[in-house]
Amino acid sequence: MGSGQGVPMMAGEPHDKLPPGGGGAAAAGGIAACPLPPEGFDPETAQDEELARYGLPIQRAMARNPAASAFRRAFLQRRPGGPPLRFLLAQGPGAGAPPSGVRPIAAITTWPAHKSVNWSGGYVAPCEGRSFVSVMGAWTVPAVSAPPGGTATDYRSSTWLGLDGQKSYLDSSLPQTGTLQKWVTSPVARAEYSAWFQWWARGQDNPQYDLPLPVAAGDEIRAIISALDETTVLVGLRNVTQDAITAFFAFAPAGRRISGATAEWIMERPSPMGSDGWEAYELPVYARFAFSGCVAESIAPGRADLQDHELEGARLIRMYKLNTDPTSVRTISTARRILAPAPRLEMTYIGP
């Protein structure tokens, strides 16, 4: 699907009721935090109206497609033996997001891509005129370190899922959320981990919003992005290990919209803000991990029923690095699709 057609409205969902002031946020390409539930709120026993009020997956959505329903149900469940979930307020556009100096970007290749200088992972594409309206998945935050013999002062990788970005057209955009893994050498060598959201758009330096979710190496993360219309998404990000959830609405940059052309699960080598993407940060060594629970839902024009898409038809992307002295091309990150016993994308760093 090209840029001439956008995502159909997800008819009949309580989440179609956008937050007050959404139009102003949409013009700014910002985010609007969902309200926090009261103390003692249990999402596993709440009714749809309550879940929708706090930006959480609704029970009605859990009765349609088996794979997506199972993921949404797990998203709301308390960890066995764990405390009640903590709900954290996402930063709204009025507060002003601190500049992060990072610009996640679309894969720098023609579509369909099987190699990229900045992406590795997998993506799926709908067929028969359908458009993706949601993407979800889980991963364990990989521990990172400097490559042997590395001389950079700042190594970065981003682990995320998103809608669009893999098809290349003039007004491409990409709502994406995930975790950032950094290895810095000054003032002391250390690893840093955080959670973020960005609505990337071709030709724009849109801010990356730092999210309040605590993140550490080894934490299990679950994420859901649902398109409510062609310019609005609802985002849920949960740290299962630390029993924390944040949920918010996000609005497309002016003049951009969701096409629903692809859904992806990516390990990225991001670029400094203002870069064209070819001068990405050096990739740190990352511990092997897998994307699991990977599901995207599609809808057909004029229909309300959704269809699950898992990894069976996923195309894989490997990341490569261009060396100049001597001139060479080297693979630095790969994805392997495993379908049994549970579908997953296994991500592996390829050392020097």
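Definitions and limits used
Residues numbered from 1 in each chain as written. Predicted model: local features only at pLDDT ≥ 70, side-chain atom pairs only at ≥ 80, totals over all residues. Heavy atoms only, no water. Salt bridge = Lys/Arg side-chain N within 4 Å of Asp/Glu carboxyl O. Buried < 20%, exposed > 50% of the residue type's maximum accessible area, 1.4 Å probe, protein only. Phe/Tyr/Trp six-rings, centres within 6.5 Å; stacked < 30°, edge-to-face > 60°. Helix = DSSP H or I, 4+ residues; strand = E, 2+ residues; numbered from the N terminus. Lys NZ or Arg CZ within 6 Å of the ring centre and 35° of its normal. Pairing = 2+ DSSP bridges.

Visitor: Is there a simple way to explain the pattern of salt bridges in this structure?
Guide: Tallied over the entire structure, the rule returns 12 salt bridges. One salt bridge connects E220 with R222, and the closest N-O pair in it is separated by 3.2 Å. For E220, a relative accessible area of 28% corresponds to the partly exposed category. Residue R222 is classed as buried on the basis of its relative accessible area, which comes to 17%.

Visitor: In this structure, what is going on with the packing of aromatic side chains? I would like to understand it.
Guide: How two aromatic rings sit relative to each other is set out by the distance from centre to centre and by the angle between their planes. On inspection of all chains with the given rule, the structure shows eight aromatic pairs. Taking 5.2 Å as the distance between ring centres and 70° as the angle between the ring planes, the aromatic pair formed by F41 and Y54 counts as edge-to-face. Separated by 13 residues along the polypeptide, F41 in the loop between β1 (31-33) and α2 (48-53) and Y54 in the loop between α2 and α3 (66-76) bring together distant segments of the chain. Under the relative-accessibility criterion, F41 is labelled buried at 13%. The class for Y54 is buried, based on a relative accessible area of 11%. A ring pair is formed by F197 and F248, whose centres lie 5.4 Å apart and whose planes are at 75°; its orientation type is edge-to-face. Of the two residues, F197 is situated in strand β10 (residues 190-201) and F248 in strand β14 (residues 244-251); the sequence distance between them amounts to 51 residues. Judged on exposure class, the residue F197 and its partner F248 are both buried. Through successive ring pairs, a cluster of aromatic residues spans W139, Y286, F289, F291 and Y349. In this structure, K115 packs its charged tip against the face of Y320, placed 5.8 Å from the ring centre.

Visitor: Explain the pairing of strand β12 (residues 220-229) to me, please; I cannot follow it from the model alone.
Guide: The side chains of a regular strand alternate between both faces of the sheet. In terms of residue burial, β12 counts as a mostly covered element, since nine of its 10 residues are buried. The sheet contact formed by strand β6 (residues 131-140) and β12 spans seven bridges and is antiparallel. Bridging across to β12, T140 finds its partner in E220. Relative to strand β13 (residues 232-239), β12 is paired through eight bridges, and the arrangement is antiparallel. Following the sheet pairing, I225 is matched in β13 by V235. Linking two consecutive strands that pair antiparallel, namely β12 and β13, is a turn of two residues.

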